[in-house]
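Summary of the model geometry
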Amino acid sequence: MFKGLAGHLKDKNVQSINALPTNNIERFDYYTGLILGHLYRSFPLPVTVTAERFIDYETLGASNRDALEKEESLFMATVKWLADVGYIHFDGMSGISFFEVVLTNNGLLILRAFPEGSHTSTTIGEHLAQCITNEDTTQLTALVTQALNLGSRIISPMIRSGI
């Protein structure tokens, strides 16, 4: 269902991931972690974020078009939500791609925070990037929860982007 991001997104091979999320909230958390980790690694350079980079089209297969469309819709809604609440910014979209995507000041501030209970000097963003490389879905979603909780205290109420 998900395309792994091992190797810092350099190779496009599908990676095996244990314990794939099964409901929308879990998949939202997973996509959020993958997207934020990717943007943190590439900051301050804007990137194109496309569903093809994050969704495993081979596993879903063309025969299950409904599941594929649902997964694409969930991915796109996740990116739009991250922009709506102020974690990321993008300049445009077409189909299943978002262009010139970059962390906002608030998104970067949140990802530069240190995880709760952490005794290391590794930030939430660095941990997210490590989780992507190590394919650690449990830690990835726990870090997303911390980032969203922190964000709810920092970022003002949601303002729709209109896209």
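You'll find the structure just up there.
The sections below set out a description of the structure shown in this document. Bear in mind that the values here come from a model prediction, so they are computed numbers and not experimental data. (Residues numbered from 1 in each chain as written. Predicted model: local features only at pLDDT ≥ 70, side-chain atom pairs only at ≥ 80, totals over all residues. Heavy atoms only, no water.)

Concerning the pattern of salt bridges
Summed over the entire model, instances satisfying the criterion amount to 1 salt bridge. Glutamate 71 is the partner of arginine 27 in a salt bridge, and the nearest nitrogen-oxygen pair spans 3.2 Å. With a gap of 44 residues between them, arginine 27 in helix H1 (residues 24-42) and glutamate 71 in helix H4 (residues 65-84) connect regions that are remote in the sequence. Comparing arginine 27 with glutamate 71, the two get one shared label, buried. (Salt bridge = Lys/Arg side-chain N within 4 Å of Asp/Glu carboxyl O. Helix = DSSP H or I, 4+ residues; strand = E, 2+ residues; numbered from the N terminus. Buried < 20%, exposed > 50% of the residue type's maximum accessible area, 1.4 Å probe, protein only.)

Concerning the side chain of threonine 32
Summarising the element assignment, threonine 32 is placed in helix H1. Looking at threonine 32, the relative accessible area reads 0%, which means it is buried. Look past the residues within four positions of threonine 32 in its chain and what remains in contact with it is Thr78, Leu82 and Val144. (Contact = heavy atoms within 4.5 Å.)

Points about helix H6 (residues 124-134)
Within H6, burial applies to Ile124, Gly125, His127, Leu128, Ala129, Cys131 and Ile132. Looking at the buried positions of H6, the neighbouring elements they touch are H1, helix H5 (105-111) and helix H7 (137-154). Glutamate 135 occupies a position one or two residues after H6 and carries a positive phi of about 55°.

Remarks on the packing of H1 against H4
Relative placement of two packed helices is described by the angle separating their axes and the distance separating the axes. Remark: H1 packs on H4, axes separated minimally by 10 Å, with the N-to-C direction vectors making an angle of 60°. By the angle between their axes, H1 is oblique relative to H4. In the crossing of H1 with H4, the sense of the turn from one axis to the other is right-handed. Across the interface between the two elements, Asn24, Arg27, Phe28, Tyr31, Thr32 and Ile35 of H1 pack against Lys70, Glu71, Leu74, Phe75, Thr78, Val79, Trp81 and Leu82 of H4. (Axes fitted to C-alpha atoms, helices over the stretch in contact; angles between N-to-C directions. Parallel < 35°, antiparallel > 145°, perpendicular 65-115°, else oblique. Left-handed = near helix turned anticlockwise from the far one by under 90°.)

Concerning the packing of aromatic side chains
Aromatic rings in a pair are described by how distant their centres are and how their planes are angled relative to each other. Enumeration over the complete set of coordinates arrives at 5 aromatic pairs. On the numbers, 5.5 Å between centres and 80° between planes, the contact of tyrosine 31 with phenylalanine 75 is edge-to-face. Taken as a pair, tyrosine 31 in helix H1 and phenylalanine 75 in helix H4 lie far apart in primary sequence, 44 residues in all. One exposure class covers both tyrosine 31 and phenylalanine 75, and it is buried. (Phe/Tyr/Trp six-rings, centres within 6.5 Å; stacked < 30°, edge-to-face > 60°.)

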